[in-house]
Amino acid sequence: MSKTNRGRFFEDYRLGEVIRHAVPRTVAEGERALYHALYPARHSLYSSDEFAADCGLDGSPIDDLAAFHVVFGKTVPDISLNAVANLGYAAGRFLAPVWPGDTLRAESEVIGLKQNSNGKSGVVYVRTRGLNQTGEAVLEYVRWVMVRKRDAAAPAPETVIPDLPGAVAAEDLVIPAGLDFSDYDFDLAGEPYRWADYAVGEKIDHIDGVTVEEAEHMLATRLWQNTAKVHFDATAREDGRRLIYGGHIISMARALSFNGLANAQMIAALNAGAHANPCFAGDTVRAWSEVLDLAETEAPGVGAIRLRLVATKGSSGDFALKDGAGKYLPDILLDLDYWALMPK
């Protein structure tokens, strides 16, 4: 009997199954340094213990997306090792800050299955939770993945597609305990713009671009212990190219959004997301954002802003997204809908 793991195929999943993912990961200050080395991340609450303490926290947490990547990476050997593509995200919430020294693990529940019409693959829907060393949930999200079948003749399961919300309701956002932006220092944060300075429908060109290099995306994917073959093995794709991990593009675009959204400090929810087109080494990533909604919170001085973050390898200033038929333009890499917390 082979002791090696070839990963799960579509017919290996069962509706309602809960998968406890292997290899817990303790995160430390080095995680922050590496994250900031890989991305131009400059949000002050994640850069300075003193700034975070002045905002009511015990210190500077690990970047929200770094925590997301660690949890996501745990799931790859069981969910997407044999994936054709990671198709989308929904219903994501950040439930508690992750601090240096926390140990993260992950578990996923299979909540939907749908075989594709070609009979060679199917879509698996999972709800994943990231847990810390005390068993407290720090984040949760739903994602759906197209996974190859081992045997095209295997019978198709009953189709179950979960009913997912279009967005996390503002009243369901979790505000970290103690967060207080009443005495927020806009000079140290880098921009003067507060929650009330943004309007629904406003679009912001983040201007800056970063060219993705082969070495950095492979370093990042190893850091998150993401073992998906398409990111490392040049023989895994017919074109012989290594696909950039979609989370790398999420973090790159979020970091680029600092220019215009420096005060959108904490990510509170991931409402929806699509990796519209593949990214490869040599592509230059740019980003733009659209304000979708604004909401009050009960935390002192804290407002919630809902944003569409678009990453593109073309121009960011024309705000083009889809063609006349509603299909993403070929230069669009990411379309992400999320809530952030911002000083009022």
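Here the structure is shown first, and the text comes after it.
Read on for a plain summary of the structure.

Rules and cut-offs
- Residues numbered from 1 in each chain as written.
- Predicted model: local features only at pLDDT ≥ 70, side-chain atom pairs only at ≥ 80, totals over all residues.
- Heavy atoms only, no water.
- Salt bridge = Lys/Arg side-chain N within 4 Å of Asp/Glu carboxyl O.
- Helix = DSSP H or I, 4+ residues; strand = E, 2+ residues; numbered from the N terminus.
- Buried < 20%, exposed > 50% of the residue type's maximum accessible area, 1.4 Å probe, protein only.
- Pairing = 2+ DSSP bridges.
- Contact = heavy atoms within 4.5 Å.
- Core = buried A, V, L, I, M, F, W, Y, C linked by side-chain atoms within 4.5 Å.
- Arc of directions from axis to C-beta.
- Phe/Tyr/Trp six-rings, centres within 6.5 Å; stacked < 30°, edge-to-face > 60°.
- Lys NZ or Arg CZ within 6 Å of the ring centre and 35° of its normal.

**A word on the pattern of salt bridges**
Here comes step 1: Following the criterion strictly, the structure yields 14 salt bridges and no others.
Here comes step 2: For Arg308, the salt bridge goes to Glu290, with nearest N and O atoms at 3.9 Å. Here Arg308 is found in strand β10 (residues 302–312), whereas its partner Glu290 is found in strand β9 (residues 284–296), with 18 residues between them in sequence.
Here comes step 3: When its relative accessible area of 23% is taken as the criterion, Arg308 is described as partly exposed.
Here comes step 4: Where Asp337 meets Arg306, a salt bridge forms, and the shortest distance between an N and an O atom there is 2.5 Å. Here Asp337 is found in strand β11 (residues 332–343), whereas its partner Arg306 is found in strand β10, with 31 residues between them in sequence.
Here comes step 5: Residue class for Asp337 comes out buried when judged on its relative accessible area of 10%.
Here comes step 6: Salt bridges sharing partners connect three or more residues here, namely Arg105, Glu107 and Arg129.

**What to know about the pairing of strand β4 (residues 103–115)**
Here comes step 1: Bridge count for strand β1 (residues 18–20) against β4 is three bridges, and the pairing is antiparallel. Pairing of Ile19 across the sheet is with Ser108, part of β4.
Here comes step 2: As defined by bridge partners, strand β2 (residues 25–26) adjoins β4 across two bridges and the pair is classed as antiparallel. Following the sheet pairing, Thr26 is matched in β4 by Thr103.
Here comes step 3: Sheet analysis places β4 next to strand β5 (residues 121–131), joined by 10 bridges and oriented antiparallel. Directly across from Arg105, in β5, lies its bridge partner Leu131.

**A closer look at helix α5 (residues 214–223)**
Here comes step 1: Three or more residues of α5 are buried, namely Glu216, His217, Met218, Ala220, Thr221 and Leu223.
Here comes step 2: Contact partners of the buried residues in α5: β2, α1 (29–38), β7 (203–211), α6 (229–232) and α7 (246–256).
Here comes step 3: One or two residues past the end of α5 sits Gln225, with phi positive at roughly 55°.

**Observations regarding the nonpolar core**
Here comes step 1: Counting residues in each nonpolar core, the largest one holds 60 residues, and the members touching the most others are Tyr39, Phe68, Trp224, Ile249, Val285 and Tyr338.
Here comes step 2: Here the element with the most residues in this core is helix α3 (residues 64–79); it accounts for eight residues.
Here comes step 3: Here Trp224 is in contact with Arg25, Glu31, Tyr35, Tyr39, Ala66, His69, Val70, Gly73 and Tyr245, once residues within four sequence places are set aside.
Here comes step 4: Core analysis: the next-biggest nonpolar cluster, separate from the first, contains 22 residues, Leu45, Met266, Val302 and Ala304 among them.

**A short note on unusual backbone geometry**
Here comes step 1: Phi at Gln225 takes a positive value of approximately 55°, unusual for a residue other than glycine.
Here comes step 2: You can see Gln225 is positioned in the loop between α5 and α6.
Here comes step 3: The phi torsion at Phe319 lies on the positive side, around 55°, for a residue other than glycine.
Here comes step 4: Along the chain, Phe319 turns up in the loop between β10 and β11.

**Things to note about α1**
Here comes step 1: By the burial criterion, the buried members of α1 are Glu31, Arg32, Tyr35 and Leu38. For α1, the arc enclosing every buried residue in end-on projection is 130°, short of the 170-degree limit, so these residues lie on one face. In α1, those exposed residues whose orientation departs by more than 90 degrees from the buried face are Ala33 and Ala37.
Here comes step 2: Where α1 is buried, its residues touch β2, α3, α5 and α7.

**A short note on the packing of aromatic side chains**
Here comes step 1: Inspection of every chain in the model, using the stated rule, returns 11 aromatic pairs.
Here comes step 2: A ring pair is formed by Phe68 and Tyr141, whose centres lie 5.1 Å apart and whose planes are at 55°; its orientation type is tilted. One end of the pair, Phe68, is in helix α3; the other, Tyr141, is in strand β6 (residues 137–148), with 73 residues separating them in the sequence. Accessibility assignment for this pair places Phe68 and Tyr141 in one class, buried.
Here comes step 3: Three or more aromatic residues joined by ring pairs make a cluster, and in this case those are Phe68, Phe72, Tyr89, Tyr141 and Tyr245.
Here comes step 4: One Lys or Arg, Arg241, reaches over the ring of Phe280 and ends 3.9 Å from the middle of that ring.
Here comes step 5: Between the NZ or CZ atom of Lys344 and the centre of the ring of Trp195, over which it lies, the distance is 5.4 Å.

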